[in-house]
Amino acid sequence: MGKLRFRSSAQLPFRVDLQRAAQDYLAERGDHRFADWRVGLKGAALAALSLGCYALALSATTMWTFAPAYIAAIVLAMLLAMNSLHDAAHGALFRSAALNRLLTRAASLPMGIDADIWTRRHVHLHHTYPNVDGYDLDIEPNPFLRQTPFQNWSPQFRFQHRYWPLVAALSLPYLCWYGDWLDLLGKSKLRQYDSQPIPAAGFLLGKLGHLVLLLALPWYCLPAGTISWGGLLLCYLAGLMTASCFLVAMILGTHWAEVEFFRPEGMEMPHTWHEHQFLTCCDWLPRPQALGHLLGGLHLHLTHHLFPAYSHRHYPALARIVEELACRHGLPYRRIGYQGLWRAQQNFLRAMGRRPD
C-alpha cells in the first residue's frame, strides 16, 4: 500500500506558533524534552511496588493470599509501562536511543507484548494516521467491535456498548498470544507498511521471559499444594485482563469521543497532520487531578499526539499552550472530564452498533 500524505503544515500558522511556544517554554525553564529525576523516582516507586507485590505472591501459602498480590503486581507493572515504556518508545525518556530500547524491552516483559512490534504499530502507524481506515491498525475490522462507519455491520455490534469492557480486558492477552504472532509471521497488515524483518530471536526470548516470570517462577517458588496449574493460569489471565481493561478504558475513548474517521480516496488527506490530530482525539482530566500522575500523561491525549517526543512531565504545561493557540487559530480543542469521555464513548459505540440504513 502506498504512503498516505497529509497537506504540508510547514507554513501552517498554528504549527509555527506551537513550535515556537514549545521551544520558548523549554528555554525559559532551561529545560529539555526528556524525563527528569521526578519521572525516574515515580518509575522506581512503581517498580518497587510491583516487585514487592510479586515477592508477596511468591511467598504466599494459600490461593487467596497469592491471587491479590499477583494480580496487583501485574496491574502495577502496567502502570509502570504507561509511565516509562510509552515515553521510551517515543524516544522521550532518555537521551540515549539504546537506553530507551532497553527500557521498552524490560517494561514490556510483564505485559507479554513484543516491544519492537508494539513500537511499529503505535509510534509509526497509529501516531501518523490516527482514525484513518486502512492505516491505523488499532481500528482494524474485527468480529467484536465496529469502530468506524466504513466497516461492515453485524448483529452483535448492537450490544457492543455493553460488552465493550470484556473486549478491552481481552485486548492484552490477544496481543500477547495471537496478534504478535500474526505480525511476526507476516500474516497481518503490519508487513504492508513496514517491510523490515522482526527479530525472531528477541521476540522468542521476550515471550519465554514472560512465561518464566509470570508462570514458571511462581510455580517453582510456591509451596506444593498452594495452587493448582489451573488456578495459576486463572490468576495469570485475571491479572492481564485487569491491567488491559484499565489501560484501554483510560485511553481508547479519546479516539472515540465526538471525533472523525477518514477513508482517503486518493493518497493525500484533505488537511494537515496537525489539523488531523484535533479531529481525531481529545484531552481529558481525571478527578482528582493528581490521578493524572499515574496515567503517564495519557489523559492529555491530544497534547501527546502533538508532542509525542516530549516526556509526559511536560504535558500539563503544553496542554495549556495547545488550548490557547487552538482558540487563537480556530481549531477545535477539547478538554473534558472522564464522565463526559465515558458518555461520548458509549454514544459512539451505540451509534456504530446501529444497523446502517
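Worth saying up front: this structure is predicted, and the values here are computed from it rather than measured.

For the protein, the helix and strand inventory stands at 13 helices and 4 strands. A compact globule built from 357 residues would reach a C-alpha radius of gyration of about 21 Å, and the protein, at 21 Å, matches this within 12%. Taken along the three principal axes of its C-alpha coordinates, the protein extends 65 × 55 × 40 Å. A burial count over the protein gives 51% of its 357 residues as buried. Of the contacts formed within the protein by residues at least 6 apart in sequence, a portion of 71% connects residues at least 24 apart. For the protein, the computed accessible surface area is about 17000 Å², with 63% contributed by carbon and sulfur atoms. Here the protein holds 32 positive side-chain charges and 24 negative ones, and the gap between their average locations is 4 Å.

Our next topic: the UniProt feature "transmembrane region" (unreviewed entry) in the protein. In the numbering used here, UniProt assigns the "transmembrane region" (unreviewed entry) feature to residues 39–57, 63–85, 163–180, 200–221 and 233–257. From the first C-alpha to the last, residues 63–85 spans 31 Å; its make-up is 100% helix and 0% strand. Annotation note: span residues 163–180, helix share 100%, strand share 0%, distance between end C-alpha atoms 24 Å.

For the peptide bond that leads from R287 to P288, omega is -5 degrees, which places it in the cis range. By the element assignment, P288 lies in the loop between β3 (283–285) and α11 (301–306). One non-glycine residue, N131, adopts positive backbone phi at about 60 degrees. Within the element layout of this structure, N131 appears in the loop between α5 (115–126) and α6 (160–184).

Under the local residue numbering, the UniProt record ascribes the feature "domain: Fatty acid desaturase" (unreviewed entry) to residues 66–335. Helix and strand shares over residues 66–335 are 56% and 3% respectively, and the end C-alpha atoms of the span are 40 Å apart.

This paragraph deals with the environment of N83. Here N83 is to be found in helix α3 (residues 63–89). Spatially, the C-alpha atoms of N83 and R158 are 35 Å apart, while their sequence positions differ by 75 residues. In this structure the side chain of N83 is engaged in a polar contact, spanning 3.0 Å, whose partner is the backbone oxygen of L294.

In terms of nonpolar packing, the biggest core is built from 52 residues, with F66, Y70, I74, M111, W164, Y236 and W256 touching the most fellow members. Of all the secondary structure elements, the ones that give two or more residues to this core are α2 (37–58), α3, α6, α8 (200–221), α9 (229–251) and α13 (338–353). Considering each element in turn, this core owes the most residues, 12 residues, to α3. Residue contacts for F66: discarding those within four places in its chain leaves A57, A60, P218, L222, I227, L232 and C235. Counting residues in each nonpolar core, the second largest holds 24 residues, with C281, L300, Y310 and V322 among its members.

This next bit is on the packing of α3 against α8. Orientation of α3 relative to α8, taken along the N-to-C sense of each, is 155 degrees, at an axis distance of 13 Å. By the angle between their axes, α3 is roughly antiparallel relative to α8. Judged by the twist between their axes, the crossing of α3 over α8 is right-handed. Side by side, α3 and α8 meet where F66, Y70 and I74 of the first sit next to L214, L215 and P218 of the second. Each residue belonging to the contact of α3 with α8 can be placed in one class, and the counts come to 6 nonpolar, no polar and no charged.

Attention now goes to the pattern of salt bridges. Applying the stated criterion across every chain, the model contains 15 salt bridges. For R313, the salt bridge goes to D36, with nearest N and O atoms at 3.4 Å. Taken together, the residues R313 in the loop between α11 and α12 (315–329) and D36 in the loop between α1 (13–29) and α2 connect sequence positions 277 residues apart. Here R313 and D36 have matching classes, each one buried. Across the pair R334 and E258 runs a salt bridge, and its minimum N-O distance is 3.9 Å. You can see R334 sitting in the loop between α12 and β4 (335–337) and its partner E258 sitting in the loop between α9 and β2 (268–272), a full 76 residues away along the chain. Here R334 falls in the buried class, since its relative accessible area comes to 18%. Taken together, the salt bridges that share partners define one network made up of R29, D31, D36, R38 and R313.

About the thresholds
- Residues numbered from 1 in each chain as written.
- Predicted model: local features only at pLDDT ≥ 70, side-chain atom pairs only at ≥ 80, totals over all residues.
- Heavy atoms only, no water.
- Helix = DSSP H or I, 4+ residues; strand = E, 2+ residues; numbered from the N terminus.
- Rg over C-alpha atoms; globule rule 2.2 N^0.38 Å.
- Buried < 20%, exposed > 50% of the residue type's maximum accessible area, 1.4 Å probe, protein only.
- Contact = heavy atoms within 4.5 Å.
- Areas by Shrake-Rupley, 256 points an atom, 1.4 Å probe, with all protein chains shown as cover.
- Lys, Arg positive; Asp, Glu negative; His and termini not counted.
- Charge placed at Lys NZ, Arg CZ, Asp CG, Glu CD.
- UniProt positions renumbered as here; feature names shortened; annotations may be inferred.
- Polar contact = N/O pair within 3.5 Å; in protein donor to acceptor, adjacent residues only side chain to side chain.
- Core = buried A, V, L, I, M, F, W, Y, C linked by side-chain atoms within 4.5 Å.
- Axes fitted to C-alpha atoms, helices over the stretch in contact; angles between N-to-C directions.
- Parallel < 35°, antiparallel > 145°, perpendicular 65-115°, else oblique.
- Left-handed = near helix turned anticlockwise from the far one by under 90°.
- Nonpolar A, V, L, I, M, F, W, Y, C, P; charged D, E, K, R; others polar.
- Salt bridge = Lys/Arg side-chain N within 4 Å of Asp/Glu carboxyl O.

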